[in-house]
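The primary structure of each chain is shown beneath.
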Amino acid sequence: MEPLGRIGGATVDVLRVLLDGAQPRWGLEIIKLTGRPSGSVYPLLERLERHGWVTSDWEETERRGPRRRMYQLTADGAREAQRVCARAAARAAPVRSARPRE
């Protein structure tokens, strides 16, 4: 697994969705859950896969319609995703002042 380098808000959103699901998720589901455009999500998923954070496979199903590409974090990817999301949450948390209010 390779480090990602730059990790922006869209990356954190995609990682959170992948962490929240016990089952693999398909691209359109990730788009809907993050509220991010497909032009951001699909390149991110490709990058995550290229760096070894995510694996993907085509769905095998009898349902009608086109096959879905399913994405899931690797074990190492899940550990790193938890770390990245925790760091992002800590940055977003409001800072409390030690000074008493007047």
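Structure: see above.
Per chain, residue numbering runs from 1 following the sequence as it is written. The predicted nature of this model means local features are confined to residues of pLDDT at least 70 and side-chain atom pairs, given and counted, to a pLDDT of 80 or more, with totals for whole chains, interfaces and linings taken over all residues. No hydrogens and no water enter the side-chain calculation; it runs on all heavy atoms of the structure.

Engineer: Please clarify how the overall build of the protein chain should be interpreted in this entry.
Structural biologist: Helix and strand definitions follow DSSP, with helices as H or I runs of at least four residues and strands as E runs of at least two, each counted in order from the N terminus. Along its length, the protein chain carries four helices and three strands. Ordered by position in the sequence, the α and β elements of the protein chain form the string α-β-α-α-β-β-α. A radius of gyration in this sense is built from C-alpha atoms; the matching globule rule multiplies 2.2 Å by the number of residues raised to 0.38. Taken against the 2.2 N^0.38 rule, which gives 13 Å for 102 residues, the C-alpha radius of gyration of the protein chain at 16 Å runs more than 25% over that of a compact globule. Counting only C-alpha atoms and orienting by the principal axes, one finds that the protein chain spans roughly 65 × 30 × 25 Å. When each of the 102 residues of the protein chain is scored for burial, the buried share is 34%. Should any heavy atoms of two residues lie within 4.5 Å, those residues are considered in contact. Long-range contacts, defined here as pairs at least 24 residues apart, represent 56% of the contacts in the protein chain between residues at least 6 apart. Carbon together with sulfur atoms contributes 49% to the accessible area of the protein chain, which is approximately 7,200 Å² in total. Partly exposed describes any residue whose relative accessible area lies between the buried limit of under 20% and the exposed limit of over 50%, with all areas from a 1.4 Å probe on protein chains only and scaled to the type maximum. Accessible areas in this description were obtained via Shrake-Rupley with a 1.4 Å probe; residue shielding takes into account the shown protein chains only.

Engineer: It is not clear to me how the sheet that holds strand E3 (residues 69-73) should be interpreted in this structure. Could you clarify?
Structural biologist: Hydrogen bonding along the main chain pairs the strands of a sheet, whether they run parallel or antiparallel. What makes two strands pair is DSSP finding at least two bridges between them. Read from one edge to the other, the open sheet built from three strands follows the order E1-E3-E2, with strand pairing classed as antiparallel. Each end of this open sheet is capped by a strand with a single partner; those strands are strand E1 (25-26) and strand E2 (54-58).

Engineer: In this structure, what is going on with the packing of aromatic side chains? I would like to understand it.
Structural biologist: Between two aromatic rings, the relevant description is the distance of the centres plus the angle of the planes. For this analysis, a ring pair means two rings from Phe, Tyr or Trp (six-membered ring only for Trp) whose centres lie within 6.5 Å, classed as stacked if their planes differ by under 30 degrees, edge-to-face if by over 60, and tilted for the remaining angles. All chains considered together, the criterion is met by zero aromatic pairs. Taking the ring centre of Trp 26 as reference, the NZ or CZ of Arg 68 above it sits at 3.8 Å. A ring is considered to have a charge above it if a Lys NZ or an Arg CZ atom is located within 6 Å of its centre and within 35 degrees of its normal.

Engineer: I keep staring at the environment of His 51 and nothing clicks. Help me out?
Structural biologist: Examined against the element boundaries, His 51 turns out to sit in the loop between helix H3 (38-50) and E2. Along the primary structure His 51 and Arg 87 are separated by 36 residues, whereas in three dimensions their C-alpha atoms are 20 Å apart. In contact with His 51, other than residues within four places in its own chain, are Met 1, Glu 2, Pro 3 and Leu 4. For the purposes of these results, a polar contact is taken to be a pair of N or O atoms within 3.5 Å, where, inside protein, one atom must be able to donate a hydrogen and its partner to accept one; residues adjacent in sequence count only when each atom of the pair is a side-chain atom. There is a polar contact of 2.9 Å between the side chain of His 51 and the backbone oxygen of Arg 47.

Engineer: I tried to follow the pattern of salt bridges on my own but got confused; where do I start?
Structural biologist: Here the idea is simple: oppositely charged side chains can pair when their charged atoms come close. The term salt bridge refers to a pairing of a side-chain nitrogen on Lys or Arg with a carboxyl oxygen on Asp or Glu at a separation within 4 Å. Following the criterion strictly, the structure yields eight salt bridges and no others. In this structure, Arg 63 engages Glu 59 in a salt bridge whose closest nitrogen and oxygen atoms are separated by 3.1 Å. With a relative accessible area of 15%, Glu 59 lands in the buried category. Between Arg 79 and Asp 76 there is a salt bridge whose closest N-O contact spans 2.1 Å. Here Arg 79 pairs with Asp 76, and both are found in helix H4 (residues 75-92), just three residues apart, close to one helical turn. Residue class for Asp 76 comes out partly exposed when judged on its relative accessible area of 38%. A single salt-bridge network, built from bridges that share partners, covers Asp 13, Arg 16 and Arg 36.

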